[in-house]
Amino acid sequence: YARSDFQTRDLCRHRIERLARALGENEVDIAKKALELAKEARSRAPEQGSGEIEDTQIRYQHVGYYLLDEGLYQLEKAFQYRPSVWIALGRLIKTNAFTIYSFGIPTFSALILLVLSQYAVYHGTGLGVAILLLILAIIPASALAIDLVQWIATHLTTPFLLAKFDFESGVPEEYRTLVVVHGIFNDKESISKFLEHLEVRYLANDDTNIFFAMLADLPDAREAVLPGDAELIEYAEEQVCELNSRYQQGDEKRFFLLFRKRLWNEGEGKFMGWERKRGKLNELNQLILGSENTTFLHNVIDLSVLRSIKFVITLDGDSQLPRGT
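Residues numbered from 1 in each chain as written. Predicted model: local features only at pLDDT ≥ 70, side-chain atom pairs only at ≥ 80, totals over all residues. Heavy atoms only, no water.

**Comments concerning the pattern of salt bridges**
Let me state the cut-off plainly: By convention in these notes, a salt bridge is any Lys or Arg side-chain nitrogen within 4 Å of a carboxyl oxygen on Asp or Glu. Where helices and strands are cited, they refer to DSSP runs of H or I of at least four residues and of E of at least two residues respectively, numbered from the N terminus. Here the term buried applies to any residue with accessible area under 20% of the maximum for its type, exposed to any over 50%, and partly exposed to those in between, with areas from a 1.4 Å probe on protein chains only.
All told, the structure shown has 17 salt bridges when counted by the stated rule. We note a salt bridge from K33 to E36, for which the minimum N-O separation is 3.1 Å. Residue K33 and its partner E36 are both found in helix α2 (residues 27-44); the two are separated by 3 residues, about one turn of the helix. By relative accessible area, K33 is classed as partly exposed at 25%. In this structure E36 comes out as partly exposed when scored by relative accessible area, which is 39%. Among the ionic pairs, E199 bridges to R246, the shortest N-O distance being 2.7 Å. Taken as a pair, E199 in helix α8 (residues 188-204) and R246 in helix α9 (residues 229-247) lie far apart in primary sequence, 47 residues in all. Here the salt bridges share partners, and the residues they tie into one network are D217, R260, K280 and E283.

**Quick word on the packing of helix α6 (residues 97-122) against helix α7 (residues 127-156)**
Selection rule: Axis geometry follows a simple rule: fit a line to the C-alpha atoms, using only the stretch in contact for helices, then measure angles between N-to-C directions, giving values from 0 to 180 degrees. Each angle receives one of four descriptions, namely roughly parallel if under 35 degrees, roughly antiparallel if over 145, roughly perpendicular if within 65 to 115, and oblique otherwise. Helix crossings are classified by the rotation of the near helix relative to the far one: an anticlockwise turn of less than a right angle makes the crossing left-handed, while a clockwise turn makes it right-handed. Residues were grouped as follows: Ala, Val, Leu, Ile, Met, Phe, Trp, Tyr, Cys and Pro as nonpolar; Asp, Glu, Lys and Arg as charged; and all remaining residues, including Gly, as polar.
At a minimum axis distance of 8 Å, the contact between α6 and α7 shows a crossing angle of 135 degrees. It follows from the interaxial angle that α6 and α7 lie oblique. Relative to α7, α6 is oriented so that their crossing is right-handed. Broken down by class, the residue content of the contact of α6 with α7 amounts to 18 nonpolar, 5 polar and no charged.

Following this line, the structure appears as structure tokens:
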């Protein structure tokens, strides 16, 4: 809580005030109960560096989870609170927002077409003409339904503030972050351009606890290794090492490079990076958690730093990381 920014802390306080009024309880008692739930989650968390992934990670140990997120239901249950019908209905809509939105568009489209067909029948239009009219009206009816559903959604829902930590003075060591940019490379020019973008992101976010990694795949091929692969990888290693020599602070590298081996994909009938983008991120997480069973070549990497990472931000090649993120 203390590391949260002012808006997040203020949002927690207002939530406590509203809960106190609704429950008829003391505000301090509600705050203490939220703290108890957060401490219980911390006591159930795996040991530091154990490599386990459970539902008791950092977000469940933050008091804000029980005031602003899904943990609110646990807090309310602790006080035997039953929300009103309108509050329960609003939560139901919020929980099933995508389903309601998805079904809302075809439902309104069908209603519009139904009204149109009734109008056509009322004016004595023949069956063939009515069917043709409905076929022609499907696209405009769908467009009208989308506009209508979106208008209803924007008027029934309100924007909410995202909870944030206050890293204005820098990212603390316990929240070390790795910014990952991924791509497939088949020439030196694409590697140079890619690393240039990575350098720009670093210059906009120069922090001792923010690191940058290039996750790279070689182009799909009929063979596991092509003649030009070694030269391409060596060039990328040289460029990343140059970045590290230019910006390295102390003994820790700021930039990492991880190429992957090609594996045979039976469905595609060729050698390629396992599961492409999803596979790269999956294997990176496994590497951070201590696994050595990945297809990474470990090109330019500091495993001691990598194993200390707590958060990973993934970006596409052309995405920009806002300053101060």
